[in-house]
Amino acid sequence: MAILKINLNDPLMKAIKAVNSIGGKSLTQEDLKKQRSSMELASKLATPNDGFTVESFIAEGVSCEWVKPDLAHNPNYIILYAHGGGYTCGGLGYARILAAKLAISTGFSVVSFEYRLAPENKYPAALDDGMVVWNHLVQQGYGAKQILLAGDSAGGNLVLCMTQKLIEEGRIGPKALLLFSPWTDMTATSSSYESCKDKDPILTKDYVEGVRDAYIGAKADKADAKYSPLYGDFKDFPPTLIMVGKNEILYEDSAQLSKKIHKAGAQVTLDTEKDGWHVYQQMPLPMAGRAMKRLSRFVTNVIYE
């Protein structure tokens, strides 16, 4: 099989890389402006053109969207999706890239939401907003086991934290978790930061540490499970799909998460794409399409097991 050649000059790849490489360990207002502008460009370049409709709504002050597939099936289930962006950028437009792909590939309606961003709004602002939307959906009549949680990168971190919080509070967790390159360990000490630093076309350690400090503060305990879910409890966790690229510095965030969920006795699938990079599913590539088909099969197995 031929090795996929990454075209770093592709406009979409350049925009996504710009989001994840601007600034160092201390983000400036100019850095944030560039990141957020690049993310808006990425959303315009990468969102599918058809196959879904969008409806806006407000959940207790949090801006949200229903992304509904044209070819829907089994309305008893929905997906609540949290976008990535290092907790410092992104909104409904950027979320629509993967929200649309999730809706099209699964046939389920997807809810995305615009959580408050750091550094203007530090932890736990995003978590609080995620819980507001979860509670809103439950109040609208969706049972917890009718909701699948999905997230990429920082959004993966967010839905992991939401799931751990629900279980810790004695509440029913989601039907399943769908994670794209989740950010699970804010200590930034795993071996893949070194082994993949020259292979990762998207992320840098300086960027990860910069947005981390913007979100939780430079003096925070980076290993605290409340924002590093890798160090949390996985007892009673739902079936979890973790999709990750072998070439990304966050690879071990996914690999170690898989091991811990498995050790806790929960069902977990680690889907590693040997030619993939951070959240490669955003790209309009055959590799991304194949990944979404694998995700669809996982969801079907979980729903109809």
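Quick caveat: nothing in here was measured; it's all calculated off a predicted structure.

### What about the environment of Gly232?
Thinking step 1. Mapped onto the fold, Gly232 is located in the loop between helix H7 (205–216) and strand S7 (240–245).
Thinking step 2. Residue Gly232 is classed as partly exposed on the basis of its relative accessible area, which comes to 24%.
Thinking step 3. Each C-alpha atom, one on Gly232 and one on Val159, is 13 Å from the other, the two residues being 73 residues apart in sequence.
Thinking step 4. If we ignore the near neighbours within four places in the chain, the residues touching Gly232 are Gln164 and Ala225.

### Comments concerning the packing of helix H4 (residues 125–139) against helix H5 (residues 154–168)
Thinking step 1. Taken N-terminus to C-terminus, the directions of H4 and H5 make an angle of 65 degrees; their axes are 10 Å apart at the nearest point. One element, H4, and the other, H5, form an angle in the roughly perpendicular class. Crossing angle aside, the handedness with which H4 passes H5 is right-handed. Of the residues in H5, those touching H4 at Ala126, Leu127, Gly130, Met131 and Trp134 are Leu158, Cys161, Met162, Lys165 and Leu166.
Thinking step 2. Each residue belonging to the contact of H4 with H5 can be placed in one class, and the counts come to eight nonpolar, one polar and one charged.

### Overview of H5
Thinking step 1. Compared with an ideal rise of 1.5 Å per residue, which puts 15 residues at 21 Å, H5 spans 21 Å between its outermost C-alpha atoms and is within 8% of the ideal.
Thinking step 2. Across the 15 residues that make up H5, a large majority, twelve, are buried.
Thinking step 3. Within H5 the residues assigned to the buried category are Ala154, Gly155, Gly156, Asn157, Leu158, Val159, Leu160, Cys161, Met162, Thr163, Gln164 and Leu166.
Thinking step 4. Remark: Gly170 follows H5 within two positions and exhibits a positive phi of approximately 80 degrees.

### Quick look at the packing of aromatic side chains
We describe a pair of aromatic rings using the distance from one ring centre to the other and the angle between the two ring planes.
Thinking step 1. Within this structure, the stated rule accounts for ten aromatic pairs.
Thinking step 2. For the ring pair Tyr123 and Tyr227, a centre distance of 5.1 Å and an interplane angle of 90 degrees mean the geometry is edge-to-face. With Tyr123 in the loop between strand S4 (109–113) and H4 and Tyr227 in the loop between H7 and S7, the pair connects residues that are 104 residues apart, well separated along the chain.
Thinking step 3. The class of Tyr123 is partly exposed, set by a relative accessible area of 24%.
Thinking step 4. Owing to a relative accessible area of 6%, Tyr227 belongs among the buried residues under this scheme.
Thinking step 5. On the numbers, 5.0 Å between centres and 75 degrees between planes, the contact of Phe234 with Phe237 is edge-to-face.
Thinking step 6. Since its relative accessible area comes to 4%, Phe234 is described here as buried.
Thinking step 7. Cluster of aromatic residues (ring-pair linked, three or more members): Tyr87, Phe113, Tyr115, Tyr123, Trp183, Tyr215 and Tyr227.
Thinking step 8. Positioned over the ring face of Trp66 is Lys68, at 5.5 Å from the centre of the ring.
Thinking step 9. Positioned above the aromatic ring of Tyr193, the side-chain terminus of Lys205 is 5.7 Å from the ring centre.

Rules used in this analysis
- Residues numbered from 1 in each chain as written.
- Predicted model: local features only at pLDDT ≥ 70, side-chain atom pairs only at ≥ 80, totals over all residues.
- Heavy atoms only, no water.
- Helix = DSSP H or I, 4+ residues; strand = E, 2+ residues; numbered from the N terminus.
- Buried < 20%, exposed > 50% of the residue type's maximum accessible area, 1.4 Å probe, protein only.
- Contact = heavy atoms within 4.5 Å.
- Axes fitted to C-alpha atoms, helices over the stretch in contact; angles between N-to-C directions.
- Parallel < 35°, antiparallel > 145°, perpendicular 65-115°, else oblique.
- Left-handed = near helix turned anticlockwise from the far one by under 90°.
- Nonpolar A, V, L, I, M, F, W, Y, C, P; charged D, E, K, R; others polar.
- Expected span 1.5 Å × (residues − 1).
- Phe/Tyr/Trp six-rings, centres within 6.5 Å; stacked < 30°, edge-to-face > 60°.
- Lys NZ or Arg CZ within 6 Å of the ring centre and 35° of its normal.

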